[in-house]
Number of protein chains: 2
Amino acid sequence: MVSRSATLALNDAINARRATGEDIIHLGFGEAGLPVLPEAAAALADGAGQNSYTPVAGTVRAREAVAGYLSRGGLPTDASQILLAPGSKALLYAALSTLPGDVVLPVPSWVTYAAQAQLAGKRTIPVPIPGAAGGVPDPELLTSALAAARARGADPRILILTLPDNPTGTVAGPALVQQVCELADRHGLTVVCDEIYRDLAYDPAAVQSPAALLPDRTIVTGGLSKTMALGGWRIGFLRVPEGSAGHRIADGITALGSELWSCLAGPMQAAAAYVFDSPPPVLEHVQASRRLHATVAHAAHDIFAKAGISCRRPQAAFYLYPDLEVLRPELAARGIRTGVALADHLLEEHGIGVLAGEHFGDAPEQLRFRAATSLLYGRTADERWTALRSTDPVSLPWISAALERLDGTLRALGSK
Amino acid sequence: MVSRSATLALNDAINARRATGEDIIHLGFGEAGLPVLPEAAAALADGAGQNSYTPVAGTVRAREAVAGYLSRGGLPTDASQILLAPGSKALLYAALSTLPGDVVLPVPSWVTYAAQAQLAGKRTIPVPIPGAAGGVPDPELLTSALAAARARGADPRILILTLPDNPTGTVAGPALVQQVCELADRHGLTVVCDEIYRDLAYDPAAVQSPAALLPDRTIVTGGLSKTMALGGWRIGFLRVPEGSAGHRIADGITALGSELWSCLAGPMQAAAAYVFDSPPPVLEHVQASRRLHATVAHAAHDIFAKAGISCRRPQAAFYLYPDLEVLRPELAARGIRTGVALADHLLEEHGIGVLAGEHFGDAPEQLRFRAATSLLYGRTADERWTALRSTDPVSLPWISAALERLDGTLRALGSK
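Residues numbered from 1 in each chain as written. Chains lettered and ligands numbered in written order. Predicted model: local features only at pLDDT ≥ 70, side-chain atom pairs only at ≥ 80, totals over all residues. Heavy atoms only, no water.

- The name an unreviewed UniProt entry gives chain A is Aminotransferase, with Amycolatopsis echigonensis as the organism.
- Annotation of chain A in UniProt includes, under Sequence similarities (unreviewed entry), the sentence "Belongs to the class-I pyridoxal-phosphate-dependent aminotransferase family."
- The Cofactor (unreviewed entry) comment attached to chain A in UniProt states, word for word, "pyridoxal 5'-phosphate". (UniProt positions renumbered as here; feature names shortened; annotations may be inferred.)

### Details of the overall build of chain A
So, step 1. Check the secondary structure of chain A and you find 15 helices and 12 strands.
So, step 2. A compact globule built from 416 residues would reach a C-alpha radius of gyration of about 22 Å, and chain A, at 21 Å, matches this within 12%.
So, step 3. Dimensions of chain A, computed from C-alpha atoms along their principal axes, come out at roughly 65 × 55 × 40 Å.
So, step 4. By residue count, 64% of the 416 residues in chain A fall in the buried class.
So, step 5. Taking contacts inside chain A between residues at least 6 apart in sequence as the whole, the part at least 24 apart equals 72%.
So, step 6. With an accessible surface of roughly 14100 Å², chain A has 52% of that area assigned to carbon and sulfur atoms.
So, step 7. Computed over 35 positive and 40 negative side-chain charges, the inter-centroid distance for chain A is 2 Å. (Helix = DSSP H or I, 4+ residues; strand = E, 2+ residues; numbered from the N terminus. Rg over C-alpha atoms; globule rule 2.2 N^0.38 Å. Buried < 20%, exposed > 50% of the residue type's maximum accessible area, 1.4 Å probe, protein only. Contact = heavy atoms within 4.5 Å. Areas by Shrake-Rupley, 256 points an atom, 1.4 Å probe, with all protein chains shown as cover. Lys, Arg positive; Asp, Glu negative; His and termini not counted. Charge placed at Lys NZ, Arg CZ, Asp CG, Glu CD.)

### A closer look at the UniProt feature "domain: Aminotransferase class I/classII large" (unreviewed entry) in chain A
So, step 1. In this structure's numbering, the residues bearing the UniProt feature "domain: Aminotransferase class I/classII large" (unreviewed entry) are residues 23-372 of chain A.
So, step 2. Between the C-alpha atoms that bound residues 23-372 of chain A there is a distance of 17 Å. The span itself is 42% helix and 14% strand.

### A closer look at helix H6 (residues 139-151) of chain B
All names here are of chain B.
So, step 1. For H6, with 13 residues, the first-to-last C-alpha span of 19 Å sits near the 18 Å given by 1.5 Å per residue.
So, step 2. For H6, the full list of buried residues reads Pro139, Leu142, Ala145, Leu146 and Ala149. Around the axis of H6, the buried residues are gathered within 105° of arc, so they sit on the same side. Exposed side of H6, more than 90 degrees from the buried face: Glu140 and Ala151 are the residues found there.
So, step 3. The opening residue of H6 is Asp138, an N-cap whose side-chain oxygen sits 2.9 Å from the backbone nitrogen of Glu140. (Expected span 1.5 Å × (residues − 1). Arc of directions from axis to C-beta. Polar contact = N/O pair within 3.5 Å; in protein donor to acceptor, adjacent residues only side chain to side chain.)

### Overview of the packing of helix H4 (residues 88-98) of chain A against helix H9 (residues 243-260) of chain A
Residues and elements named next belong to chain A.
So, step 1. Where H4 contacts H9, the two axes come as close as 9 Å, and the packing angle between them is 120°. Taken together, the axes of H4 and H9 are oblique relative to one another. Where H4 crosses over H9, the handedness of that crossing is right-handed. Here Leu91, Tyr93, Ala94, Ala95, Ser97 and Thr98 of H4 come into contact with H9, specifically with Ile249, Gly252, Ile253, Leu256 and Leu260.
So, step 2. Class assignment for the residues of the contact of H4 with H9 results in eight nonpolar, three polar and no charged. (Axes fitted to C-alpha atoms, helices over the stretch in contact; angles between N-to-C directions. Parallel < 35°, antiparallel > 145°, perpendicular 65-115°, else oblique. Left-handed = near helix turned anticlockwise from the far one by under 90°. Nonpolar A, V, L, I, M, F, W, Y, C, P; charged D, E, K, R; others polar.)

### A word on helix H1 (residues 6-19) of chain A
So, step 1. In a regular helix each residue adds 1.5 Å, so 14 residues correspond to 20 Å; H1 of chain A covers 20 Å between its end C-alpha atoms and thus fits that length.
So, step 2. Buried within H1 of chain A we find Ala6, Thr7, Leu8, Leu10, Asn11, Asp12, Ile14 and Arg18 of chain A.

### Some remarks on the relation of the copies chain A and chain B
So, step 1. Screw-axis analysis of chain A against chain B gives a translation of 0.0 Å along the axis, an RMSD of 0.0 Å, and a rotation angle of 180°. Taken together, these values place the two copies in the relation of a two-fold axis. No C-alpha of chain A lies nearer the rotation axis than that of Ala45 of chain A, which sits 2.4 Å from it.
So, step 2. Interface residue correspondence from chain A to chain B reaches 100%, placing this contact among same-surface, isologous pairings. (Least-squares fit on C-alpha atoms with pLDDT ≥ 70 in both.)

### Topic: the interface of chain A and chain B
So, step 1. Chain A puts 56 residues into the contact, and the matching count from chain B is 57 residues.
So, step 2. Interface of chain A and chain B: buried area, both sides summed, is about 4300 Å²; carbon and sulfur atoms make up 60% of it.
So, step 3. Scanning the region where chain A abuts chain B turns up zero salt bridges.
So, step 4. For the pair chain A and chain B, the number of links is 30 residue pairs in polar contact (both at pLDDT 80 or more).
So, step 5. Every element with two or more residues in the side of chain A that touches chain B is listed here: H1, helix H2 (38-46), H4, helix H5 (111-119), H9 and helix H10 (266-276) of chain A.
So, step 6. In terms of residue count, H9 of chain A provides more of the side of chain A that touches chain B than any other element does, six residues in total.
So, step 7. Taken together, the residues of the side of chain A that touches chain B sort by class into 30 nonpolar, 19 polar and seven charged. (Buried area = accessible area lost by both parts, 1.4 Å probe. Salt bridge = Lys/Arg side-chain N within 4 Å of Asp/Glu carboxyl O.)

### Details of the packing of aromatic side chains
So, step 1. Across all of its chains, the model carries 20 aromatic pairs over all chains by this definition.
So, step 2. A ring pair is formed by Trp110 of chain B and Tyr113 of chain B, whose centres lie 5.3 Å apart and whose planes are at 80°; its orientation type is edge-to-face. Tyr113 of chain B carries the same exposure label as Trp110 of chain B, and that label is buried.
So, step 3. For the pair Tyr197 of chain B and Tyr319 of chain B, a centre-to-centre distance of 5.4 Å together with 75° between the ring planes defines the contact as edge-to-face. Here Tyr197 of chain B is found in the loop between strand S6 (190-194) and helix H8 (210-213), whereas its partner Tyr319 of chain B is found in strand S9 (residues 319-320), with 122 residues between them in sequence.
So, step 4. An aromatic cluster is built from Tyr69, Phe237 and Phe276 of chain A, whose rings are joined through pairwise contacts. (Phe/Tyr/Trp six-rings, centres within 6.5 Å; stacked < 30°, edge-to-face > 60°.)

### Observations regarding the domain arrangement of chain A
As a measure of interface size, the accessible area lost when the parts come together is often cited.
All names here are of chain A.
So, step 1. Annotation of chain A at the domain level lists domain 1 (6-30 + 281-414) and domain 2 (49-277).
So, step 2. Summarising the inter-unit geometry, the C-alpha centres of domain 1 and domain 2 are found 26 Å apart.
So, step 3. Taken together, the contacts link 30 residues of domain 1 with 31 residues of domain 2.
So, step 4. At the junction of domain 1 with domain 2, the criterion picks out zero salt bridges.
So, step 5. One can count 15 residue pairs in polar contact (both at pLDDT 80 or more) joining domain 1 with domain 2.
So, step 6. Put simply, the parts of the chain that give the side of domain 1 that touches domain 2 at least two residues each are H1, helix H11 (280-306) and strand S9 (319-320).
So, step 7. Sort the elements by how many residues they give to the side of domain 1 that touches domain 2 and H11 lands first, with 10 residues.
So, step 8. For the side of domain 1 that touches domain 2, a count of residues per class yields 15 nonpolar, nine polar and six charged. (Domains from an automatic or database assignment.)

### Details of unusual backbone geometry
So, step 1. In the segment running from Val107 of chain B into Pro108 of chain B, the intervening peptide bond is cis, with an omega of 0°.
So, step 2. Looking at the element boundaries, Pro108 of chain B is found in the loop between strand S3 (102-107) and helix H5 (111-119).
So, step 3. In this structure, Pro167 of chain B follows Asn166 of chain B across a cis peptide bond, with omega equal to 20°.
So, step 4. Along the polypeptide, Pro167 of chain B turns up in the loop between strand S5 (156-162) and helix H7 (174-186).
So, step 5. Of note, the phi angle at Ala229 of chain A is positive, near 55°, even though the residue is not glycine.
So, step 6. With respect to the helices and strands, Ala229 of chain A occurs in the loop between strand S7 (218-223) and strand S8 (236-239).

### Observations concerning the pairing of strand S8 (residues 236-239) of chain B
Residue and element names in this part refer to chain B.
So, step 1. On S8, burial covers both faces: Gly236 and Leu238 on one face and Phe237 and Arg239 on the other are all buried.
So, step 2. In this sheet, S8 lies alongside strand S2 (residues 82-85) in antiparallel orientation, the contact comprising four bridges. Across the sheet, the residue bridging to Leu83 is Leu238, located in S8.
So, step 3. As judged from the four bridges shared by strand S7 (residues 218-223) and S8, these two strands associate in the antiparallel manner. In the sheet register, Gly222 faces S8, and the bridge partner there is Phe237. (Pairing = 2+ DSSP bridges.)

Okay, structure coming up:
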């Protein structure tokens, strides 16, 4: 049995502490932290009458909208290649359950992949990410990791990529993705590429989907949780390859979906159809969100950099993944020798919630954590709209105060 | 790997045939066939702003509403005993995955239980239902079935009940439920009682939940799919027992839910909170729905009875489960020797869609099927509202025509 998702558990714990009046800087949860676009809310309300069970994969209308969205983004897609579900999480699980073989994972990577692989009865083969960016295994290490896994009796057949990446907030560049895809092809791996952060790359043109390089063996997942800040609406999609191999995978996922979730709720499919049609209000909202995420994540990165802490500069979404190795002596003097101890210390002593790298697959002694900056935009819808519309969000009092507290905390950690 | 849910697959197939212009009487799908209550649609629209991930089990507000609903229904419940999810189907799967041991199933029973048990790596021990009603194993057969299963190496620890029942549309009476609960207690079985049709019992007072008899070892599931005809909204709940045993089960389900579906969508929780508060418009809507279901199901039952076909008289929801054994010679003369052949014949030759008993666990040669009468209420929202408000729905042209066609078909089947 798996244990509870660490990221959801931390979020619940922080919200419980806040409810008792504690002033917590919440950098521990991957929620986009922005309000609902009114036009999307209207589309949901307009779809309220849709109370029939839809086909398991979704309505033709919603599937066509997703196919159109992907096609416009450079990945020609037919509606028959699309499955919708209450969250891409459910679809990822169904894909892992349907595909044969064990799972190769970049490390660090999202907490849920390894848990789902375990649920699906699979082994995981962790491969560290390269220095350039996260979300992909280091090509220099992949071949030997596969050989070692096979020698241990594993059967690696699936490679999960995250593009753009959670937890590092980086985007593996086209050359790196191509190198990884060539290795996946050579070693017979099916690629499952989680592109839930795709539209939040600060340079959208820099995202090279493996589905364009390995069309016959790449599954893509995505959704509206991050791009449109609709995590609580639970709208996800999965794209299978064209042709009979893809249809077989879709049949397997549909069979499992029919016994686990039936379909994405009809009103949510109506809202999804509206958003994936990419009308101007949606495009403007996403553009403004991307700009805000970039500005605040970069400001946070500057604070880590100023403290001499190693951290890849974010290129997408709202994540940083700093490595506090440089502060190991000062931390050890406080009894902090693991990533979990560091995260606990930050929460208990400084009221800053982050998720320790161990939850993403790091070794316990690594002094890394994921900091998500998106819950700094405000606690109320008003604050969040103000941040979204601001030309200088970092100077808003509630954001600047949080960043200053982060700065002060890093200085305190680094002091003797 | 499981195959696709037979009931969803048939629904998709019938809708595809209808799209080509075929005139199909759709008795093959367990959808309640009624429009959305406007106040529930308004509650969904009001909740559109709820785009945060909620706790996995749901918001306090929604869980309290469900607990209140159950408490008013005679089952005192605290909000901490309630978990919400996108459909009780997902929760049933999580419960079966969390509980140890193999699964005892009444037969016939809902198509999904056996598939989920298989997905959870469990054996199923089928036990026929008694003549009095479905949804429970025949107490006369249960003890010996358990002994035989144990002799085969199985470890029966879970008993699934359906109260009121799908597919028979009946309600096991209090004495029968008590007898089954005593046996469950004696044999150490945890009861998982699917009460999704609870509010559609024509005599609500006749439903005796096992949770009142075996409070420490009964899990109850329910939702809004049937009572409120909101199948396409995917709102389900699960109630664990009070105390530490219940909390352990809830923790297991929450852990699994955190990796599979995260939470029920926020706007859906807002709608659920409204409905489970049981305001007058909801109570009136459910009462009218119950009356319509009873009237049309009884009219259909009269047609089977007139044809001399054995069929339990429906006591809840919108299902009948006729046994055409009496027509075996006439059916055999047409080459029909199995329930599946009978269902195929009804669809191909008479344009009547029903689901063969084999999908509910019957032996192939049994000439039984489930007929759902709820999709006779109309194809448009207008027709459905008219049916719901009618004092004599059976005389509405679209309902009477369908029932006449059923009558004519049974006469044709019985002719030499």
